[in-house]
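A structural walkthrough
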Amino acid sequence: MRKLMVLSLLLLTLSACALFPNRDPVNINVVGIEPLQSQDLEVRFAVKLRVQNPNETAIDYNGVALDLEVNGRPLASGVSDQVGSIPRFSETVLTVPVSVSAFSVLRQTLGLSQTQSLNNLPYVLRGKLAGGLFGTMRFVDRGTLDMPDSATW
């Protein structure tokens, strides 16, 4: 009897997974950064993200969170309680305020002093569009930053 119950529960769990739609990952691009009013030992920016929905169903969200890592070290993080929907095969621009603490800047400065060039600095942008218990979509964007040399400024 116990084995039958466990088997039934397992089958029910597997069939419930089939009810959740297969979704392609969202495409995220940073399209702008604007300064915001800062506090004491932090710098704040409004990061504008273009979010593209390549799916056949709309994505409803009720919050956004971001973490930015540069050169293997945390640099900025931010959250927003925005609520909205991205229609099927559509895109929208979200603005998320992020904070950069003085300690993050110090860590970055120490890390950059060990590199020979400001070119090809690796970055990782991690985030999520909150959408309830099963609707949350996580995303990761990786790449490199090319900073102009100080001689070209």
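Throughout what follows, the structure given in this document is the object of discussion. Just so it is clear, the model here is predicted, and its values are computed rather than measured.

With respect to the secondary-structure elements, Leu-41 resides in the loop between strand S1 (27-36) and strand S2 (42-53). Accessibility expressed as a relative area gives 63% for Leu-41, which makes it exposed. Placed 59 residues apart in sequence, Leu-41 and Val-100 show a C-alpha to C-alpha distance of 8.7 Å. Once residues within four sequence positions are removed from consideration, Leu-41 is found in contact with Val-100, Ser-101 and Ala-102.

Before going further, it helps to spend a moment on the pattern of salt bridges. All told, the structure shown has 3 salt bridges when counted by the stated rule. For the salt bridge of Arg-50 with Glu-91, the shortest nitrogen-to-oxygen distance reads 3.1 Å. Remark: Glu-91 occurs in strand S7 (residues 90-101) and Arg-50 occurs in strand S2; sequence separation between them is 41 residues. Ionic pairing is found between Arg-126 and Glu-69, a salt bridge with its closest N-O pair at 3.7 Å. On the criterion of sequence distance, the pair formed by Arg-126 in strand S8 (residues 121-129) and Glu-69 in strand S4 (residues 64-70) is long-range, its members being 57 residues apart. Classification of Glu-69 as partly exposed rests on a relative accessible area of 24%.

About the criteria used
Residues numbered from 1 in each chain as written. Predicted model: local features only at pLDDT ≥ 70, side-chain atom pairs only at ≥ 80, totals over all residues. Heavy atoms only, no water. Helix = DSSP H or I, 4+ residues; strand = E, 2+ residues; numbered from the N terminus. Buried < 20%, exposed > 50% of the residue type's maximum accessible area, 1.4 Å probe, protein only. Contact = heavy atoms within 4.5 Å. Salt bridge = Lys/Arg side-chain N within 4 Å of Asp/Glu carboxyl O.

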